[in-house]
Amino acid sequence: MPWVSLHHADRVVCSAFCQPRFIMNLKEQIELAVAQSFERLGVTDSPPVVKQAQRREFGHYQVNGVMGAAKTAKTNPRELATKVTEALDLPMAAKLEVAGPGFVNVHLDATSIAEQLDLLGNDVSLPSPEPRHFAVDYSAPNLMKEMHIGHLRTNAIGDSIVRVLEAVGHQVTRVNHVGDWGAQFGSLLAYLDQLHTTEISTELKDLEVFYQSASKLFKSDEAFAERARGYVVRLQSGDEQCMKLWRQFIEESIQHCQEVYKRLDISLTREDIHAESAYNDDLPIVVAELEQQGLIEESDGALCVFLDEFTGKEGNPLPAIVRKSDGGFPYMATDLAAVRYRAEKLRADTVLYVVGAPQQLHLKQVFAVAQAAGYLTDQEFRHLPFGSIMKSDGKPFKTRDGAEVKLIDVIDEAVARAHQLVKEKNPDLSEEKHRTIAEIVGVGAMKYAELSKNRGTDYIFDWDILLSFEGNTAPYLQYAYTRIQSIFRKAGVTPGDLRGKITLREPAELDLGVKLLQFPEAIETALEDYQMNILCNYLYELSGQFMSFYEHCHILKQTDQGIQQSRLRLAAMTANTLQQGLGFLGIKTVDRM
RNA sequence: GCGCCCGUAGCUCAAUCGGAUAGAGCAUCGGCCUUCUAAGCCGAGGGUUGCAGGUUCGAUUCCUGCCGGGCGUACCA
């Protein structure tokens, strides 16, 4: 039986005659065996439900599906579990036991695990789902202002999702839907216009200060406010001199963004920018198309789409306003135009919006109106909301607090702290090395702090937690990696030189070996709901497993050549997995730190 | 008022979608550097998962009610 298909997966995997990198992962192998065992016993319609065991004493994997099956079949769960175990053809299991109300605990066999590791060589196996075209909308800063700490989430999460999707073979379009249009630009342009050419570049250096000076003038100086309003009109009507100023400002602001991306190692480039203003010409068309569909109603002078499912205060119908009473277009219109573009022009199969949770209702409306307008056929448009960052008192950051923490300042602080530490830990390295390492470690810590949290929940901003280098942090993973590099330096070999097979004698070796084989499972689980914290968790556990192995199974002191080669191979595979996994998170590794 | 999200150890967070005795990190306490980098390892203490019911073999997870917090709720984005 060369080909077998898994009922729950949308792909076919082969068991015998194909490349090692396409072998099933451990969980799938067990699932398949349990499913076959169920079949032999005449149990149908019950999934095996195989999971990694939560406690080591329960084996490596546990089968939870027997209890559900027993319920449907109205039989005793423990008896059924015993039968399933007897009918189970799973050579890779060293021991199977029925436990608790009807669990089957699977203890894996060291020899089989070693064989599977040998099949991989020094490669890392990845899931290979059916390729799709993804568009991922993330980052999307407002170009009026500089990015603040709140922008870290969409950048870190979005960029990581993009990297993982690409790694498993999907086509990915990065979309940076920057805010470069709107009434607020009036005062910025008016302010820009009254500067002397010599002052412009210095003034724009700090966008935050620029923005604040302009809005202060807008409030205090009536003549200035009047000019600002005039600029809005001129901007919207495409006045050439005004557009020139606007382009100058936008250019400068994009420059700022790209610098931050570069610093943060975010993979967005200028080519990924598809700004709000790019849809300007589409906005009247979208409204006209909605009109043709009979979806538009006028209300208080605004053009609206009312859908039954949306109600506002006091149960009143809640409109999706696509044109304001003053004739301007709100972001509902822009976002609809963006949906239309992404579905019809970009032809993406799945579009992910990595946008904060407060936008939930808005995006729900956007998708619903787009659906009603016929822009969507079978594409999947999904909002991936993330929680807000709160202040230490648990209250959310408000724009008016003015005390928002600039993203670039957080980066500087992270790098400064890392620099201090690496100088202290490794004084022999050159200053240049110190700086390079500090940049990678500091930025890694920041990004990992974001990624390792469940994306849905709000969390509290705290310098010391965000910039911690101990425990479950990126530096811990990077440190595990440097320890491995150090071993190879001292041994004077490179992973490519390694000969010999893997043998897993010590418990620490077996646990590390199993953990290594679970990488594709972690990726798969993380992609189910685009939760990168699951990948973080895996990498942390892998590092922990390695650290334990490192302490208990000395490598260079080992006199038995076979054992030493085996351990070096385990170390090499760990390093490889860590580097790839961290790469998926947008975090680099260093050879020393 | 209505809708969505949340409430877990002193603090910050997990818990792979209903599984076993709820896990980490930080902080606290105790061990481990003449041995591959101590950003580390080994161990200890710390919990009525906001409260009260319900569903079932089994609930942090699902349902109902209450308490507390956040966000949203027509022309800012």
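Fair warning: this is a prediction, and the values are worked out from it, not measured in the lab. (Residues numbered from 1 in each chain as written. Chains lettered and ligands numbered in written order. Predicted model: local features only at pLDDT ≥ 70, side-chain atom pairs only at ≥ 80, totals over all residues. Heavy atoms only, no water.)

Turning to the overall build of chain A, a few remarks are in order. Within chain A one finds 21 helices and 15 strands. Counting over 593 residues, chain A shows a buried share of 51%. Counted over contacts in chain A with a minimum sequence separation of 6, partners at least 24 positions apart contribute 72%. Taken as a whole, chain A presents about 28000 Å² of accessible surface, with 49% of it coming from carbon and sulfur. (Helix = DSSP H or I, 4+ residues; strand = E, 2+ residues; numbered from the N terminus. Buried < 20%, exposed > 50% of the residue type's maximum accessible area, 1.4 Å probe, protein only. Contact = heavy atoms within 4.5 Å. Areas by Shrake-Rupley, 256 points an atom, 1.4 Å probe, with all protein chains shown as cover.)

Another aspect to go through is the packing of helix H6 (residues 185–193) against helix H10 (residues 240–264). Interaxial distance between H6 and H10 falls to 10 Å at its minimum, and their mutual angle equals 95 degrees. Judged on the interaxial angle alone, H10 and H6 are roughly perpendicular. Judged by residue contacts, Phe-185, Leu-188, Leu-189, Leu-192 and Asp-193 of H6 engage Gln-241, Cys-242, Leu-245, Trp-246, Gln-248, Phe-249 and Ile-250 from H10. Grouping the constituent residues of the contact of H6 with H10 by class yields 9 nonpolar, 2 polar and 1 charged. (Axes fitted to C-alpha atoms, helices over the stretch in contact; angles between N-to-C directions. Parallel < 35°, antiparallel > 145°, perpendicular 65-115°, else oblique. Nonpolar A, V, L, I, M, F, W, Y, C, P; charged D, E, K, R; others polar.)

Quick look at the pairing of strand S10 (residues 302–311) now. With 4 bridges joining them, strand S9 (residues 296–299) and S10 adopt antiparallel strand pairing. Following the sheet pairing, Ser-299 is matched in S10 by Ala-302. One ladder, built from 5 bridges, connects S10 with strand S11 (residues 317–323); its direction is antiparallel. Looking at the pairing, Phe-306 lines up with Pro-319 of S11. (Pairing = 2+ DSSP bridges.)

Turning our attention to the sheet that holds strand S7 (residues 133–137). Strand order in the open sheet formed by 4 strands is S8-S7-S12-S13, with parallel pairing between adjacent strands. Whereas interior strands pair on both sides, the edge strands pair on one side only; in this sheet they are strand S8 (171–175) and strand S13 (380–383). Strand-to-strand twist in this sheet, taken as the mean axis angle between neighbours without regard to direction, amounts to 15 degrees. Sheet topology note: the strand S12 (residues 350–353)/S13 ladder contains 4 bridges and is parallel. Residue pairing for S13: Tyr-353 is matched across the bridge by His-383. Sheet strands in contact with helix H13 (residues 360–373) are S12 and S13, and its direction is about 170 degrees off that of S13.

Right, let's get into the confidence of the model for chain A. On average, residues of chain A carry a pLDDT of 91, and 95% of them reach 70 or more. Per-residue pLDDT stays below 50 along residues 1–21; that stretch engages in 32 contacts with residues further than four places along the chain or on separate chains. The ipTM, which scores confidence in the relative placement of chains, is 0.96 for this predicted complex, and the corresponding pTM is 0.94. (pLDDT = per-residue confidence, 0-100.)

Next up on the list: the protein's contact with RNA strand B. Close to RNA strand B lie 79 residues; Lys-324, Lys-425, Tyr-479, Ser-486 and Tyr-550 are nearest. Counted by atom, the contact set of RNA strand B within 4 Å of the protein is 59% sugar and phosphate. In this structure, Gln-359 approaches RNA strand B through a side-chain N or O atom, which is 3.4 Å from a base nitrogen. Lys-557 is positioned such that a nitrogen or oxygen atom in its side chain is 3.2 Å from a base oxygen of RNA strand B. Here the residues of the surface near RNA strand B sort into 34 nonpolar, 23 polar and 22 charged. (Near = heavy atom within 4 Å. Polar contact = N/O pair within 3.5 Å; in protein donor to acceptor, adjacent residues only side chain to side chain.)

Phi at Asp-45 takes a positive value of approximately 65 degrees, unusual for a residue other than glycine. Judged by its relative accessible area of 78%, Asp-45 falls in the exposed class. The backbone of Ser-139 sits at a positive phi, close to 75 degrees, despite the residue not being glycine. Following the sequence through the fold, Ser-139 ends up in the loop between S7 and helix H5 (151–167).

Attention now goes to the sheet that holds strand S3 (residues 50–52). Read from one edge to the other, the open sheet built from 4 strands follows the order S3-S4-S6-S5, with strand pairing classed as antiparallel. The outermost strands of the open sheet, each flanked by one partner alone, are S3 and strand S5 (93–99). Each neighbouring strand pair of the sheet contributes to a mean axis angle of 25 degrees, computed without reference to strand direction. Inspection of the sheet shows S5 paired to strand S6 (residues 103–108) by 6 bridges, in the antiparallel sense.

Another aspect to go through is the side chain of Thr-350. In this fold, Thr-350 is placed in strand S12. The exposure class assigned to Thr-350 is buried, which follows from its relative accessible area of 0%. At a separation of 2.9 Å, a polar atom in the side chain of Thr-350 contacts the side chain of Arg-132. Within the local environment of Thr-350, its side chain forms a polar contact with the side chain of Glu-380, the two groups lying 3.2 Å apart.

Right, let's talk about the packing of aromatic side chains for a bit. Summed over the entire model, instances satisfying the criterion amount to 14 aromatic pairs. With centroids separated by 6.2 Å and ring planes inclined at 40 degrees, the aromatic side chains of Tyr-353 and Phe-381 adopt a geometry described as tilted. Here the residue Tyr-353 occupies a position in strand S12, and Phe-381 occupies one in strand S13, the gap between them amounting to 28 residues. The same class applies to Tyr-353 and to Phe-381, which are both buried. Counting every residue linked through ring pairs, the aromatic cluster contains Phe-185, Tyr-191, Phe-210 and Phe-249. Over the face of the ring belonging to Tyr-231 we find Arg-234, whose NZ or CZ atom lies 4.7 Å from the ring centre. In this arrangement the basic side chain of Lys-453 is found over the ring face of Tyr-459, its NZ or CZ atom lying 4.3 Å from the centre. (Phe/Tyr/Trp six-rings, centres within 6.5 Å; stacked < 30°, edge-to-face > 60°. Lys NZ or Arg CZ within 6 Å of the ring centre and 35° of its normal.)

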